[in-house]
Amino acid sequence: MNVPGTIRKLDETLVNRIAAGEVIQRPANAIKELLENSLDAKSTNIQITVKSGGLKMLQIQDDGCGIRKEDLEIVCERFTTSKLTQFEDLSSIATFGFRGEALASISHVAHLTITTKTSNDQCAYKAMYEDGKLKAPPKPCAGNQGTQITAEDLFYNVSTRRKALKNPSEEHARIADVVSRYAIHNPRVGFSLKKLGENLAEIRTKANSTHVDNIKCIFGNSVARELLEVECVEDGLKFKLHGFISNANFSTKKQIFLLFINHRLVDSTGLRRALDSVYSLYLPKGAHPFAYLSLELDPRNVDVNVHPTKHEVHFLHEDSIIEKVKQAIEAKLSGANTSRVFQTQVKVPAISENIKPVERTTTTAPSHLVRTDSGAQKLDKFFNLVSSPASSCSPASQPKSSSSSSSQTNKRKIRLTSVLTLRKAIEDDEHKELRRILGNMTFVGCVDTTRALLQHEKSLFLCNTKKLAEEMFYQIMLYEFGNLGEIRFTSQLPLAKLCKLGLDSPLAGWTDDEAGKKDGYSKQVEELLVSKAPMLKDYFSIDIDEEGNLKTIPLLLENYAPDLGGLPWYIVQLACEVNWDDEKECFQSFCRETAKFYSKIATNNIENEAKENDWKWTTEHVLYSTLRSCFIPPRRYAEDGTILQIANLPDLYKVFERC
């Protein structure tokens, strides 16, 4: 038969060690408890030193109020505290500690030494503890005001726990995580963390700094420059929110979530989920944001006495408060719904060449080394192609430019309000980051007739050549308004025939049954453009004679002519899409249609390799050369993929270093 076991009262030392294992689960928990004691002591500078991830030794020194000599005898006994006198005080607790278990727990699983000095003491006192009791009376010694606590051989008497914590590097990383979180939340206090025997601190923040400064110091500028400040005050629920969250430009594989409730470092699964649900609309799958949130609630609504580690708290109206926090974050993100930001800038009319080259040092890291000779490696080199000479961009089959167009010595000044307004609209819509990218870019090569690769510093960009060229020609039309050169045709081109060819295009949507209507419409187009001939000649260098023959079109760039296969459709568009009744809209729509016509590069259907090299040479040395020197990129180009970053050298290094 089964005999019941005898119930015995456990030895007090054994009880204390079991309880200590709940409060101090690993070195990071000990550091957290000691940090909170230092903050409760109103310290302005806290220094942490560790050895072997805190298992061999962890030491924390502060400049707080210190511990009275009279209290040293009982300071390491369980349930001794200066922060709580009765249970009702929990409803308004304003300090981190309140149970009086931290030092007692550490003394039961480590060799503990306390050196402390108050402002009233003539000297410091040093005391050593074991199992919560003084090993000997406190001894006077030299020391500064504040307290230094040293715990050595953590878990020396709990072999199973010590074996489970066999990775010092992992424990050190956990300690660094705790210190960094408290440093960000307490910018008025200076923090430092270093390994024993090393001169340089791993974490160092200055006293009386700011939240953003400490985030930048710990997590780097890549996080700090993408921060949005979020605030919310709700009188009904009696809570106040303040914090910093990352915008859509930043993401990380592992969520960085710092949560403080009434200045206590805690975690909340509900808030984590709410944060992920908000950012799921802005970040790709598997990406997470950075978030530091500080919630201040009515102390009477918070229960901090949930777990010995004080890592969990319960509070009233939890679902409602989480929903309010979620709404505040959503409002902040939607109000700052920016595109991906490129760290760069670009160029346009009459801008002085004052772009300074990036200074390079001899100690550049391999992941930051980029080519400096733009002729050293081109995309075409890998396909055994040879670039055409400059003269090849003007083959005999192309129209000839007039001699007067190449040298305009007397450029007339345009004072038309409509033109000046359109120019100002371009300048107001400038994207400075993209402007610097194009102004300092290195041309890599053409992907095809509509796309090209550019390098800027350590990044590679895929550019939509057609969109860039269209906007560039539109700007040239406005900034060279009334001063354009001309391309003269060797034989005159009847407008009516050109229009009829344009109507035969599938783009027009006319059928063969409407041939008679085409003739009539073509005649109307001819009459319209002939009636506008003086203005077209004066402002846009388009010469149309009285018989309706097209003699010239504008020369927008030297060594560049548009694809004349699109000329018939261009004539049709001038009649259909240009608003001839309003001056501003007329100039704007006319320049837009002309820019569309000129943006298509003449490739002659690429019948042979020489002609293929012609358009590639033109793309690099004419179009992108002009984009580099005189172009104002609009803001929409950073959002619609016209200029898209596809690779970054440091990120590529990270990928290949893992291989």
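Above this text is the structure in question.
Let us look at the structure shown here. Small disclaimer: the values here were computed from a predicted structure and weren't measured.

What follows deals with helix 3 (residues 102–109). With respect to burial, helix 3 is a largely interior element, eight of its eight residues being buried. What helix 3 keeps buried is the set Ala102, Leu103, Ala104, Ser105, Ile106, Ser107, His108 and Val109.

In terms of residue burial, strand 18 (residues 442–446) counts as a mostly covered element, since five of its five residues are buried. Note: strand 18 against strand 19 (residues 451–456), four bridges, orientation antiparallel. Looking across to strand 19, one finds that Phe443 is bridged to Leu454. Here strand 18 hands over to strand 19 after four residues, the two strands then running antiparallel side by side.

Note that an α-helix has 3.6 residues per turn; residues three or four places apart therefore point the same way. End to end, helix 5 (residues 168–185) covers 26 Å across 18 residues, agreeing with the expected 26 Å (1.5 Å per residue, within 8%). Among the residues making up helix 5, those that are buried are Glu171, His172, Ile175, Ala176, Val178, Val179, Ser180, Arg181, Tyr182, Ala183, Ile184 and His185. Two or three places before Ser169, at the opening of helix 5, Asn167 has a side-chain oxygen 3.1 Å from that residue's backbone nitrogen.

With that out of the way, let us pick up the pattern of salt bridges. The final tally for this structure, using the stated rule, is 28 salt bridges. The closest approach of N and O atoms between Asp543 and Lys551, which form a salt bridge, is 3.8 Å. Note on Lys551: relative accessible area 24%, which makes it partly exposed. Look at the salt bridges and you will find they share partners, linking Glu430, Lys432 and Arg435 into a network.

A word on the nonpolar core. Formed by 73 residues in total, the largest nonpolar core has its most connected members in Phe473, Leu529, Phe540, Leu550, Ile571, Phe590 and Tyr624. Looking at which element gives the most residues to this core, the answer is helix 13 (residues 465–479), with nine residues. Apart from residues no more than four positions distant in its own chain, Ile571 is found in contact with Leu495, Leu498, Cys499, Val525, Leu529 and Leu550. In this structure, Cys76, Ala110, Tyr129 and Phe250 belong to the second largest nonpolar core, which totals 53 residues.

Ordered by their spatial adjacency, four strands build an open sheet running 18-19-20-23, and the pairing between neighbours is antiparallel. Each of the sheet's edge strands pairs with one partner strand only, and the pair in question is strand 18 and strand 23 (643–648). On average, each strand axis in the sheet is inclined to that of its neighbour by 25 degrees, with strand direction left out of account. Inspection of the sheet shows strand 19 paired to strand 20 (residues 459–464) by six bridges, in the antiparallel sense.

So, on to unusual backbone geometry. The phi angle at Ser52 is positive, at roughly 55 degrees, despite the residue not being glycine. Residues other than glycine seldom take positive phi values, yet Asn262 does so here, at roughly 50 degrees. Looking at where Asn262 falls in the secondary structure, it is placed in the loop between strand 12 (256–261) and strand 13 (264–266).

Let's shift gears to the packing of helix 5 against helix 6 (residues 211–219). Across the interface, helix 5 lies against helix 6 with an axial gap of 8 Å and an inter-helix angle of 155 degrees. Between helix 5 and helix 6, the angle falls in the class roughly antiparallel. For the pair helix 5 and helix 6, contact is made by Ser180, Ala183, Ile184 and His185 and by His211, Asn214, Ile215, Ile218 and Phe219, respectively.

All right, on to the pairing of strand 10 (residues 227–234) then. Relative to strand 11 (residues 239–246), strand 10 runs antiparallel, the two sharing eight bridges. Opposite Cys232, over in strand 11, you have Leu241 as the bridge partner. The hairpin turn running from strand 10 into strand 11, its antiparallel successor, is four residues long, and Lys238 in that turn takes a positive phi close to 55 degrees.

With that out of the way, let us pick up the sheet that holds strand 13. Strand order in this open sheet of five strands is 10-11-14-12-13, and the pairing throughout is mixed. Edge strands, defined here as strands with exactly one partner in the open sheet, are strand 10 and strand 13. For this sheet the average axis-to-axis angle between neighbouring strands, irrespective of direction, equals 20 degrees. Bridge analysis of strand 11 against strand 14 (residues 290–297) gives seven bridges, and the strand direction is antiparallel. Pairing of Phe239 across the sheet is with Leu297, part of strand 14. Sheet contacts for helix 8 (residues 269–279): strand 11, strand 12 and strand 14; angle to strand 12, the most-contacted strand, approximately 135 degrees. Strands in contact with helix 9 (residues 318–335) are strand 10, strand 11 and strand 14; relative to strand 11, the strand with the most contacts, it is inclined by about 40 degrees.

Along the chain, Glu470 turns up in helix 13. Among buried charged residues, Glu470 stands out as having no salt bridge; its nearest opposite-charge side chain is Lys466, 4.1 Å away. With near-sequence residues (within four places) excluded, Glu470 lies in contact with Ala595, Lys596 and Ser599.

Here the focus is the side chain of Thr465. Within the secondary structure layout, Thr465 lies in helix 13. Given the relative accessible area of 3%, Thr465 is considered buried.

Time to look at the packing of aromatic side chains. This model, assessed by the stated rule, comprises 16 aromatic pairs. Taken together, a centroid distance of 5.6 Å and an interplanar angle of 85 degrees make the contact between Tyr182 and Phe260 edge-to-face. Separated by 78 residues along the polypeptide, Tyr182 in helix 5 and Phe260 in strand 12 bring together distant segments of the chain. You can call Phe260 buried: its relative accessible area is 0%. Aromatic pair Phe443 and Tyr624: ring centres 5.2 Å apart, planes at 55 degrees, arrangement tilted. Of this pair, Phe443 sits in strand 18 while Tyr624 is found in helix 19 (residues 609–629), placing the two residues 181 residues apart along the sequence. For Phe443, a relative accessible area of 5% corresponds to the buried category.

Reading the values: the criteria
- Residues numbered from 1 in each chain as written.
- Predicted model: local features only at pLDDT ≥ 70, side-chain atom pairs only at ≥ 80, totals over all residues.
- Heavy atoms only, no water.
- Buried < 20%, exposed > 50% of the residue type's maximum accessible area, 1.4 Å probe, protein only.
- Helix = DSSP H or I, 4+ residues; strand = E, 2+ residues; numbered from the N terminus.
- Pairing = 2+ DSSP bridges.
- Expected span 1.5 Å × (residues − 1).
- Polar contact = N/O pair within 3.5 Å; in protein donor to acceptor, adjacent residues only side chain to side chain.
- Salt bridge = Lys/Arg side-chain N within 4 Å of Asp/Glu carboxyl O.
- Core = buried A, V, L, I, M, F, W, Y, C linked by side-chain atoms within 4.5 Å.
- Contact = heavy atoms within 4.5 Å.
- Axes fitted to C-alpha atoms, helices over the stretch in contact; angles between N-to-C directions.
- Parallel < 35°, antiparallel > 145°, perpendicular 65-115°, else oblique.
- Lys, Arg positive; Asp, Glu negative; His and termini not counted.
- Phe/Tyr/Trp six-rings, centres within 6.5 Å; stacked < 30°, edge-to-face > 60°.

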